[in-house]
Amino acid sequence: MAATFMSRISMFHAFILSALFFSDCGFLRGVASFGINYGQIGNNLPQPEKVLDLLSSLKITKTKIYDTNPQILTAFANSGIELIVTVENDKLSDLTDPQQALQWVSSRIKPYFPATKITGIAVGNEIFTGDDMTLMSYLVPAMISIHGALVQLGLESYIQVSTPNSLAVLGESYPPSAGSFRGELTGVMSQFLRFLSNTKSPFWINAYPYFAYKDSPTQISLDYVLFNPNSGMVDPYTKLHYDNMLYAQVDAVICAIARMGFEGLEVKVTETGWPSKGDVDEVGATVENAAIYNRNLLRRQLGNEGTPLRPNMRLEVYLFALFNEDLKPGPTSERNYGLYQPDGTMAYNVGLSALSTTSSTATISLTSSATKAANKGYRYQSLVYWMFVYLLAFQVFMTTRPF
């Protein structure tokens, strides 16, 4: 009888420990709605295997690349990291042909899937706001061909097809409820939105409050664009309050889509960020502002927030970018959006805690000091809760034992 009693006690302990283990107590929860852009326009970037180690240490589960680099696709196999790949702009004309699209998907996607968790194909980048009207005319046909190839290969339910858009697709963006697309895009935008609706794919937007501030630093509040505490603005038509520009920009896109008759499409931010360095005329491009913007954005992401227009739908955001890229053309800011230098050291401290510095690469967690304090309280409450469950269950167990 004593042996049976001890055996049952051991089983009871195992049950409680198992419940504790699979609860949230003591574990860092990931940020399901956060990703990062992994650009490669540099001559001194680490090998993909090292990049994977860094992303894993950061607990980042989503990333986007700007091609279909086979080294990256191979390195990311069995990592669990969701990957958006990109069809380069100069490939669009070829991929309007369904047979060439099938060949492209068969050679660039299928050999790596599902070991490499490819979840999206970005067809081109910011095509609607470029000057090449011929390229623009290729976009939707290429998307249709690529999606058709995915259907033929049985991959359409796993991989979404869309294209990232510059915020310049909007003719009106303020207030958010007045959001509308530029008039000259009406025809092609209607085709594009119909494709997204038919395939249940998201509208991808590259949104940079930095650009708005740089262009009008005396008219736009720096706190408003940096997610700092501020009075914000109220949309006079919806009466919704906005305390940051990014959410206002996203809601302007949502309203523009609805105005075209496609209400309900999900909008995701495929790029946003802040440069840590810029030219003389690039107002606001400083290490301090970059750290504040990215830190505050990450805090919002930890809360899985939605925008005022869709408060119950978490906004998926991809930060730009993982590394500073020294070969990018354009102003100085273009080469200084990275959280990290190519050697793996942090470009600046965004208020995230170092887990270890066993090498030149500092590995960090996506937990700010404020969030850590909140999580500490949460873990304490969770521990107290499970101790109460343990004691209550043990009392019931002892009072009902058959001896």
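This one's a predicted model, so the numbers in the text were calculated from it and none came from an experiment.

*Asks:* Sorry, what's going on with the overall build of the protein chain here?
*Replies:* Broken down by element type, the protein chain carries 12 helices and 15 strands. Of all 403 residues assigned to the protein chain, the portion counted as buried reaches 49%. Sequence separation of at least 24 residues holds for 69% of the intrachain contacts in the protein chain that already meet a minimum separation of 6. Within the structure as shown, the protein chain displays about 18700 Å² of accessible surface, and the carbon and sulfur contribution to it stands at 56%.

*Asks:* What should I look at first to understand unusual backbone geometry in this one?
*Replies:* For residues other than glycine, phi is negative in most cases, and the peptide bonds are mostly trans. Here the amide bond leading from Y174 into P175 is cis, since omega sits at -10°, within 30 degrees of zero. With respect to the element layout, P175 can be found in the loop between β7 (170-172) and β8 (180-181). Between F320 and the following residue, A321, the backbone shows a cis peptide bond with an omega angle of 10°. Phi is positive for N78, close to 60°, though the residue is something other than glycine. Topologically, N78 is positioned in the loop between α3 (70-75) and β3 (82-87). The phi dihedral of K200 falls on the positive side, at around 55°, and the residue is not glycine. By the element assignment, K200 lies in the loop between α7 (186-199) and β9 (203-206). K200 sits in the exposed class, given a relative accessible area of 69%.

*Asks:* Teacher, can you tell me more about the sheet that holds β9 here?
*Replies:* By way of backbone hydrogen bonds, the strands of a sheet pair with one another, either parallel or antiparallel. Strand order across the open sheet formed by 9 strands is β5-β4-β3-β2-β1-β13-β12-β9-β6, with parallel pairing between neighbours. What marks the edges here is a single partner per strand, and that holds for β5 (160-162) and β6 (164-166). For this sheet the average axis-to-axis angle between neighbouring strands, irrespective of direction, equals 25°. Seen against the sheet, helix α11 (residues 287-302) touches β1 (34-37), β12 (267-272) and β13 (317-319) and runs at an angle of roughly 150° to β13.

*Asks:* For this particular structure, what's the right way to read the packing of helix α6 (residues 133-152) against α7?
*Replies:* Think of two packed helices as two axes; the pair is described by the angle between the axes and how far apart they sit. Where α6 meets α7, the axes come as close as 10 Å, and the angle between the chain directions of the two elements is 15°. The pairing of α6 with α7 is recorded here as roughly parallel in orientation. For α6 against α7, the interelement crossing comes out left-handed. Contacts between α6 and α7 involve M136, V140, M143, I144 and H147 on the former and, on the latter, V188, Q191, F192, F195, L196 and T199. Class assignment of the residues belonging to the contact of α6 with α7 gives a composition of 8 nonpolar, 3 polar and no charged.

*Asks:* Can you help me understand the packing of aromatic side chains in this one?
*Replies:* Within a pair of aromatic rings, the relevant descriptors are the distance that separates the centres and the angle that separates the planes. According to the stated counting rule, one finds 17 aromatic pairs in the structure shown. Measuring from centroid to centroid gives 5.7 Å for Y208 and Y337, while their planes differ by 75°, and the two rings are edge-to-face. Linking Y208 in the loop between β9 and α8 (209-215) with Y337 in the loop between β13 and β14 (352-356), this pair joins segments that are 129 residues apart in sequence. Across the pair, Y337 and Y208 agree in class, each one buried. Both rings, one in F227 and one in Y293, keep their centres 5.3 Å apart while their planes meet at 55°; by these two values the pair is tilted. Of this pair, F227 sits in the loop between α9 (222-225) and β10 (233-234) while Y293 is found in helix α11, placing the two residues 66 residues apart along the sequence. Accessibility expressed as a relative area gives 6% for F227, which makes it buried.

*Asks:* Quick question: what am I supposed to make of the environment of A291 here?
*Replies:* Topologically, A291 is positioned in helix α11. A sequence separation of 57 residues divides A291 from Y348, and the C-alpha atoms of the two residues are 6.8 Å apart. Apart from the residues lying within four places of it in its own chain, the contact partners of A291 are Y348, N349 and V350.

*Asks:* What exactly am I supposed to notice about the packing of helix α5 (residues 98-108) against α6 here?
*Replies:* Axis separation between α5 and α6 bottoms out at 8 Å; the angle between their running directions is 60°. As summarised for this structure, α5 and α6 are arranged oblique, according to the angle between their axes. Read as a crossing pair, α5 and α6 show a hand that is right-handed. Here α5 contributes P98, A101, L102 and V105 to the contact with α6, which in turn contributes S145, I146, A149, L150 and Q152.

*Asks:* Would you mind going over the nonpolar core with me for this structure?
*Replies:* In summary, soluble globular proteins display a tendency toward joint burial of nonpolar side chains. Membership of the largest hydrophobic core comes to 102 residues, with the highest contact counts inside it found for I121, L193 and F203. At 10 residues, the largest contribution of residues to this core is made by helix α10 (residues 245-259). Ignoring any residue separated from it by four or fewer positions in sequence, one finds I121 in contact with V85, V87, W104, I109, I146, L150, I159, Q160, V161, S162 and W204.

*Asks:* Can you walk me through the pairing of β12 in this structure?
*Replies:* Looking along a regular strand, one sees the side chains alternate between the two faces of the sheet. Counting buried positions over the 6 residues of β12 gives 6, a clear majority of the element. Sheet analysis places β9 next to β12, joined by 4 bridges and oriented parallel. Note on β12: the bridge partner recorded for I205 is V269. Note that β12 and β13 share 2 bridges and pair parallel. Of the residues in β13, the one forming a bridge with V269 is V317. Assessed by its sense of winding, the connection that carries the chain from β12 through α11 to β13 is right-handed.

*Asks:* Looking at this model, I keep getting lost on α5. Mind explaining?
*Replies:* One turn of an α-helix holds 3.6 residues; hence residues three or four places apart share an orientation. Restricting attention to buried positions, one finds in α5 the residues A101, L102, W104 and V105. Taken down its axis, α5 places every buried residue within 160° of arc, on the same side. When the buried face of α5 is taken as reference, the exposed residues oriented beyond 90 degrees from it are Q99 and Q103. Summarising the contacts, the buried residues of α5 are in contact with β3, α4 (92-95), β4 (118-123) and α6.

About the cut-offs
Residues numbered from 1 in each chain as written. Predicted model: local features only at pLDDT ≥ 70, side-chain atom pairs only at ≥ 80, totals over all residues. Heavy atoms only, no water. Helix = DSSP H or I, 4+ residues; strand = E, 2+ residues; numbered from the N terminus. Buried < 20%, exposed > 50% of the residue type's maximum accessible area, 1.4 Å probe, protein only. Contact = heavy atoms within 4.5 Å. Areas by Shrake-Rupley, 256 points an atom, 1.4 Å probe, with all protein chains shown as cover. Pairing = 2+ DSSP bridges. Axes fitted to C-alpha atoms, helices over the stretch in contact; angles between N-to-C directions. Parallel < 35°, antiparallel > 145°, perpendicular 65-115°, else oblique. Left-handed = near helix turned anticlockwise from the far one by under 90°. Nonpolar A, V, L, I, M, F, W, Y, C, P; charged D, E, K, R; others polar. Phe/Tyr/Trp six-rings, centres within 6.5 Å; stacked < 30°, edge-to-face > 60°. Core = buried A, V, L, I, M, F, W, Y, C linked by side-chain atoms within 4.5 Å. Right-handed = clockwise from strand over helix to strand, strands pointing away. Arc of directions from axis to C-beta.

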